[in-house]
Amino acid sequence: MNKQFIRKAHRWLGLTFSLTILMSAGSGVIHNVMTRTQAPPPSARPSGNGLDVSQIKLSVRDAAIKLPDAAQGIAAVNVRSIGGQPWYQIYTKTNRAAQYVSALDGRVDPAQDEAYAAEIATTFLGGARRVSAHGFAVDRVLGRQAADHRTGGDWPRLPALHER
């Protein structure tokens, strides 16, 4: 190798690394400026309206007995407030999907998964309209009549992947 090539390579490598370091230092400066000039993000708040534990009439054991595949074992149990009522959200070791058992009367209701998802969407999307996985709008949480796209309802339906 000749000296001329080594000097050129050294110069270009130095220039490349210098620009990289200069850009990272610049982004750090911009970050500090942004944190001083912009409002802080909103603080995290608990989701839901709380849970009245005096409503719970059924123990976790009694709720788990209501599920047919609970004998193989329970992976996790959560208490959720859905529609103002307490529900056990139970994950068994054999079924990956959540199963819902009412903490009031022990009723098993698979439709509570969709109601819980709609409640989460309402809380975090500010009351936005919800569209179910089947393609029609549902509004069980707020107690309004749902409009179905097939009957000329007034809520727009999200396009399915095959409709593109």
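Remember, it's a predicted structure, so these values are computed and weren't measured experimentally.

## Some words on the overall build of the protein
Logical step 1: Regarding its fold elements, the protein presents three helices and five strands.
Logical step 2: Along the protein, from the amino end to the carboxyl end, the secondary structure elements read α-α-β-β-β-α-β-β.
Logical step 3: Contacts in the protein between residues at least 24 apart in sequence constitute 36% of all its contacts with a sequence separation of at least 6.
Logical step 4: Counting only carbon and sulfur atoms, one obtains 58% of the accessible surface of the protein, whose full area is about 12400 Å².

## Comments concerning a positive patch on the surface
Logical step 1: On the surface, a cluster of positive charge is made up of Lys3, Arg7, Lys8 and Arg11.
Logical step 2: Along the chain, Arg11 turns up in helix α1 (residues 3-37).
Logical step 3: Judged by its relative accessible area of 61%, Arg11 falls in the exposed class.

## Some details on the sheet that holds strand β3 (residues 99-102)
Logical step 1: Taken in spatial order, the three strands of this open sheet run β1-β2-β3, and their pairing is antiparallel. Taken across any chain shown, the strands that pair with only one partner, and hence form the sheet edges, are β1 (74-82) and β3. Strand-to-strand twist in this sheet, taken as the mean axis angle between neighbours without regard to direction, amounts to 30°.
Logical step 2: Here β1 runs beside strand β2 (residues 85-92); their pairing, made up of eight bridges, is antiparallel. Across the sheet, Asn78 pairs through a bridge with Gln89, a residue of β2.
Logical step 3: Across the sheet, helix α3 (residues 112-124) touches β1, β2 and β3, and the angle it forms with β1 is around 60°.

## Re α3
Logical step 1: Over its 13 residues, α3 extends 18 Å from the first C-alpha to the last, a length consistent with the 18 Å expected when each residue adds 1.5 Å.
Logical step 2: Buried within α3 we find Gln112, Ala115, Tyr116, Ala118, Glu119, Ala121 and Thr122.

## Brief notes about the nonpolar core
Logical step 1: Core analysis: the biggest nonpolar cluster contains nine residues, these being Leu58, Ala63, Ala64, Leu67, Ala70, Tyr88, Ile90, Val101 and Ala103.
Logical step 2: Within the residue set of this core, elements represented by two or more residues are α2 (60-65) and β2.
Logical step 3: In this structure, Ala70 is in contact with Ala64 and Thr92, ignoring residues within four places of it in sequence.
Logical step 4: Counting six residues, the second-largest nonpolar core is a separate cluster that includes Ile82, Trp87, Tyr100 and Ala115.

## A few points about the confidence of the model for the protein
Logical step 1: In this model, the protein carries a mean pLDDT of 78, and residues with pLDDT of at least 70 account for 73%.
Logical step 2: For the protein, strand β5 (residues 137-138) is the element with the lowest average pLDDT, namely 48, and β3 is the one with the highest, namely 94.
Logical step 3: Taken together, the stretch residues 135-164 has pLDDT below 50 and engages in 36 contacts with residues farther than four places along the chain or on a different chain.

Quick notes on the rules
- Residues numbered from 1 in each chain as written.
- Predicted model: local features only at pLDDT ≥ 70, side-chain atom pairs only at ≥ 80, totals over all residues.
- Heavy atoms only, no water.
- Helix = DSSP H or I, 4+ residues; strand = E, 2+ residues; numbered from the N terminus.
- Contact = heavy atoms within 4.5 Å.
- Areas by Shrake-Rupley, 256 points an atom, 1.4 Å probe, with all protein chains shown as cover.
- Patch = residues over 30% accessible without salt bridge, like charges linked within 9 Å, V, L, I, M, F, W, Y side chains within 5 Å.
- Salt bridge = Lys/Arg side-chain N within 4 Å of Asp/Glu carboxyl O.
- Lys, Arg positive; Asp, Glu negative; His and termini not counted.
- Charge placed at Lys NZ, Arg CZ, Asp CG, Glu CD.
- Buried < 20%, exposed > 50% of the residue type's maximum accessible area, 1.4 Å probe, protein only.
- Pairing = 2+ DSSP bridges.
- Axes fitted to C-alpha atoms, helices over the stretch in contact; angles between N-to-C directions.
- Expected span 1.5 Å × (residues − 1).
- Core = buried A, V, L, I, M, F, W, Y, C linked by side-chain atoms within 4.5 Å.
- pLDDT = per-residue confidence, 0-100.

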